[in-house]
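Single-letter residue listing:
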Amino acid sequence: MKHLLLILIYKLLMPLFLKIIGVKVSSKKPLPTLTPYIIVANHNSHLDTMALLSQIPTKDLLRTHPVAAATYFGRNNWLSILSNIFVNTLLIKRREEGGTSDALELISQYLEKRHSLIIFPEGSRGEPEKMQAFRKGIGVLLQKHPHIPYVPVYIQGTGKILPKGERLLVPYDAEVRIGEAIHAQSKEIDAILIEVQDAILALKDYK
Amino acid sequence: MLSVNSLNEIQQMILVIIGVLVFASTLFWIMRKIKPGPQVDELVLRTKSWWIMAGIFITAALVHPGISFVAFGFLSFAALRELSSISKNARIEDRSVIFWAYLAIPVQYYIAYMGWFAPFLIFIPVFMFTWIPFLLVLKGHTQDIARSMSVIPTHLMLTVFSISHLAYLLSLPELPGFEVGGRGLLLYVVFLTEMNDVFQFTWGKLLGRRKIIEKISPNKTWEGFIGGLLSTVAAAYFLRFLTPFSAEIALLAGLLIACSGFVGDIIVSAIKRDFGLKDTGTAIKGHGGILDRIDSLAISSPFFFYFVYLLYYVR
């Protein structure tokens, strides 16, 4: 039932909606199917999650979870239920909000169940169209699961369509560039972070 | 009401469109085989958008004329979106005002559909021209406000007001003794404008030496311009069965379309160059290049429209 709903939203309605408001998605290669991976993207707008979910292969929609902050999307019961049904989120607590390493533990469990994740390592949408420093979590996960690849994604322009704290959606041309799934080469957490960040920024420049 | 006669007109027109498109597609395909290059790619892209336009045109002719208005509305929308996105002159604070600019599109096309001539003339140049600056004032970000005040209405003029004239051609009342009607005029101006671009390009490739405005558009040459103009005037003469024009008027119309199309082309080129989109050679990915498709049309359509209007509808 939920799967059907997700297909309806992300495979039928969302592509049309994205096209109208000006979000263009391009990928070098289609995303892998039926294997776990972590999509890692810079973050400017709620639209980022929508655009990424619209690219997930139909079969995998139910087992792909955007990782989101519990304090935001779980601030009341209704919101957490809605974000579970419509966005299939995995809610975690940020460390500064009383979260513990249990959060990473929980994410790891999903990866071990062969689910895929969408992670925005900047942690929040921040100022429109400005990239912030990455948080450690993605490095920890990739270090712990070296066999799981990450898919770098560079997103540009969505922060103009629907920036943080705004309700009015205004069409602009925006772009979501999806790279190829790769395994982290480094072993150290900090080195992995740099590697992932470079992979995302490399997408910014390709034509 | 469809009489056998008018049905035949439509069928004729559809045949002409498909014939020309097949010819153009084959020609550019061969050109690409012989001498590949970004400019030929541009032509191939052009033909693709012509096929889409033709598809919409034919569907509208056969199903419901309203389809054309919606399609032109979307064209304006996409062009306005592209222009607002590449513009470095509109501020991020202007988002909500730009939203109002988008809202003007359905209004303008509804007016065109209803054939309300005076509202059609004043809605954007008078009302939106005031409403946009007024909203900007209410928002209260005074830094660079004068720039936004001039830029947003200009964008509306260039992408919405201009293109809506193509749609309004379909709402013009029928002229006695001229059954093809607005559809013929629409086809005539779109076809000649597009062909003029191609003629200019081809003559420029063949004979082009003297640059017209090297800083803006290095590929534009006097030879290309004159060759294109003469070819367009000839085409205008031979296609006058789509219009109520006499031979002399058709020649004038060809001249007008060739010149105004050229002006539109270089105006948009200059805008793109200002935003740093020309020097890179290829347009930045993600910016769909819709402006490149409508550049000459944005100027030739209103000029052609008022040419027809002043000659045939003013008593």
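How each quantity is defined
- Residues numbered from 1 in each chain as written.
- Chains lettered and ligands numbered in written order.
- Predicted model: local features only at pLDDT ≥ 70, side-chain atom pairs only at ≥ 80, totals over all residues.
- Heavy atoms only, no water.
- Pairing = 2+ DSSP bridges.
- Helix = DSSP H or I, 4+ residues; strand = E, 2+ residues; numbered from the N terminus.
- Axes fitted to C-alpha atoms, helices over the stretch in contact; angles between N-to-C directions.
- Contact = heavy atoms within 4.5 Å.
- Buried area = accessible area lost by both parts, 1.4 Å probe.
- Salt bridge = Lys/Arg side-chain N within 4 Å of Asp/Glu carboxyl O.
- Polar contact = N/O pair within 3.5 Å; in protein donor to acceptor, adjacent residues only side chain to side chain.
- Nonpolar A, V, L, I, M, F, W, Y, C, P; charged D, E, K, R; others polar.
- Buried < 20%, exposed > 50% of the residue type's maximum accessible area, 1.4 Å probe, protein only.
- Expected span 1.5 Å × (residues − 1).
- Left-handed = near helix turned anticlockwise from the far one by under 90°.

Observations concerning the sheet that holds strand 1 (residues 23–27) of chain A
Each strand in a sheet pairs with its neighbour through backbone hydrogen bonds, running either in the same direction (parallel) or in the opposite one (antiparallel).
All names here are of chain A.
Okay, step 1: The strand order 1-7-6-2-5-3-4 describes an open sheet built from seven strands, whose pairing is mixed. Each end of this open sheet is capped by a strand with a single partner; those strands are strand 1 and strand 4 (90–92). The sheet shows a mean angle of 20 degrees between the axes of neighbouring strands, direction not considered.
Okay, step 2: The sheet contact formed by strand 3 (residues 64–69) and strand 5 (residues 116–119) spans three bridges and is parallel. Residue pairing in the sheet places Pro66 in a bridge with Ile118 of strand 5.

Description of the interface of chain A and chain B
Okay, step 1: On the side of chain B, 16 residues touch chain A, which itself brings 21 residues to the contact.
Okay, step 2: Between chain A and chain B, a total of about 1700 Å² is buried, with carbon and sulfur atoms accounting for 56% of that surface.
Okay, step 3: Counting across the interface, chain A meets chain B through two salt bridges.
Okay, step 4: Between A:Asp173 and B:Arg81 there is a salt bridge, with its nearest N and O atoms 3.0 Å apart.
Okay, step 5: Linking chain A with chain B are nine residue pairs in polar contact (both at pLDDT 80 or more), by the criterion used here.
Okay, step 6: The set of elements that each furnish at least two residues to the side of chain A that touches chain B consists of helix 1 (2–21), strand 1, helix 7 (158–161) and strand 7 (174–178) of chain A.
Okay, step 7: Take the side of chain A that touches chain B: its biggest share by element is three residues, from helix 1 of chain A.
Okay, step 8: A breakdown of the residues in the side of chain A that touches chain B according to their chemical character gives 11 nonpolar, two polar and eight charged.

Some points on the pairing of strand 3 of chain A
Sheet faces and side chains relate simply in a regular strand, where the side chains alternate between the two faces.
Residue and element names in this part refer to chain A.
Okay, step 1: With respect to burial, strand 3 is a largely interior element, six of its six residues being buried.
Okay, step 2: Residues Thr64, Pro66 and Ala68 line one face of strand 3 and the alternating positions His65, Val67 and Ala69 line the opposite face, and both faces are buried.
Okay, step 3: By the bridge criterion, three bridges tie strand 3 to strand 4 in an arrangement that is parallel. Its bridge partner being in strand 4, Val67 is matched across the sheet by Leu90.

Re helix 3 (residues 66–86) of chain B
Okay, step 1: With 21 residues, helix 3 of chain B extends 31 Å between its outermost C-alpha atoms, agreeing within 8% with the 30 Å of an ideal straight helix rising 1.5 Å per residue.
Okay, step 2: Of all the 21 residues making up helix 3 of chain B, 16 are buried; the element is thus mostly covered by neighbouring parts of the structure.

Regarding the packing of helix 7 (residues 181–207) of chain B against helix 8 (residues 222–238) of chain B
Residues and elements named next belong to chain B.
Okay, step 1: In contact at an axis separation of 7 Å, helix 7 and helix 8 are set at 145 degrees when each is read in the N-to-C sense. Every pair of crossing elements has a handedness; the one defined by helix 7 and helix 8 is right-handed. Counted together, Tyr188, Leu192, Asn196, Phe199, Gln200, Trp203, Gly204 and Leu207 of helix 7 and Glu223, Gly224, Phe225, Gly227, Gly228, Leu229, Ser231, Thr232, Ala235 and Ala236 of helix 8 form the full contact between these two elements.

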